[in-house]
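# Per-entry structural report
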Amino acid sequence: MQLIVLVLFVAALAATSFPSSFPAALVLSTAVVFQGCWFMNMGFMLWIPEFVPKVCKFQQNESSSDSMRSAVACASLEADLKARALANMKFSWILSGILILVGSLCLKLVGKYSSNVDLIKYEQLHSRVPDVPIAIDGFKEAHT
């Protein structure tokens, strides 16, 4: 969790320093979504007895009248290690899912919003014929 907070802090500094930077904004928003998903996952795993790992058990404190005083306890070191491994796997699954989603959205948007103007400029730079400036006005091309 400390790594997520560090990435979030650095991305927030970068987005503040460079407000027009798309990569900084993308990393910041992805880190915020990931942190929110991770908090929701931990909330389910720690507060709903049905989602507690099978190797551990949900214990409520009988001495207190406060229903919020409870804990998840594992009987042995091996059970504790299994529960931590499950949490690490869920962490990785959530991170992978979010990164795949963000990557596919970026690729889809690049394909949708990329224009042929950039390709024409690239071709003009690498062609051996003299430059013919092209002005695009709406849907028609005008050679000037």
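Shown above is the structure to which this text applies.
Residues numbered from 1 in each chain as written. Predicted model: local features only at pLDDT ≥ 70, side-chain atom pairs only at ≥ 80, totals over all residues. Heavy atoms only, no water.

### Some remarks on the state of the cysteines
Under the counting rule described, the total for this entry stands at one disulfide. Residue pairing for Cys56: its cysteine sulfur links by disulfide to Cys74, the two sulfurs lying 1.8 Å apart. With the S-S bond torsion at 75°, the cross-link from Cys56 to Cys74 turns out right-handed. One end of the pair, Cys56, is in strand S1 (residues 56-60); the other, Cys74, is in strand S2 (residues 70-74), and 18 residues separate them in sequence. Classification of Cys74 as partly exposed rests on a relative accessible area of 25%. (Disulfide = S-S within 2.5 Å. Helix = DSSP H or I, 4+ residues; strand = E, 2+ residues; numbered from the N terminus. Buried < 20%, exposed > 50% of the residue type's maximum accessible area, 1.4 Å probe, protein only.)

### Focus: the nonpolar core
Membership of the largest hydrophobic core is limited to eight residues, which are Ile4, Phe34, Trp38, Met42, Met45, Ile94, Ile98 and Val102. Contributions of two or more residues to this core are made by helix H2 (22-47) and helix H3 (77-113). Top contributing element to this core by residue count: H2, with four residues. In this structure Ile98 touches Thr30, Val33, Phe34 and Cys37, once residues within four positions along its chain are discounted. (Core = buried A, V, L, I, M, F, W, Y, C linked by side-chain atoms within 4.5 Å. Contact = heavy atoms within 4.5 Å.)

### Some points on helix H1 (residues 2-17)
For H1, built from 16 residues, the straight-helix expectation of 22 Å at 1.5 Å per residue is met to within 8% by its first-to-last C-alpha distance of 22 Å. Regarding H1, the residues found buried are Ile4, Leu8, Ala11 and Ala15. Projected down its long axis, H1 shows its buried positions confined to an angular sector of 70°, all on one face. In this structure, H1 carries Gln2, Leu3, Phe9, Thr16 and Ser17 as exposed residues pointing more than 90 degrees from its buried face. (Expected span 1.5 Å × (residues − 1). Arc of directions from axis to C-beta.)

### Considerations on the environment of Glu78
Its place among the elements puts Glu78 in helix H3. Expressed as a C-alpha distance, the spacing of Glu78 and Val55, which sit 23 residues apart in the sequence, is 8.9 Å.

### Comments concerning the packing of H2 against H3
In the contact formed by H2 and H3, the axes pass within 10 Å of each other and the chain directions differ by 145°. Crossing handedness for the pair H2 and H3: right-handed. Taking contact as the criterion, the partners of Leu26, Thr30, Val33, Phe34, Cys37, Trp38, Asn41 and Met45 in H2 are, on H3, Leu86, Ala87, Lys90, Phe91, Ile94, Leu95, Ile98, Leu99, Val102 and Cys106. (Axes fitted to C-alpha atoms, helices over the stretch in contact; angles between N-to-C directions. Left-handed = near helix turned anticlockwise from the far one by under 90°.)

The analysis is restricted to geometry; functional conclusions fall outside its scope.
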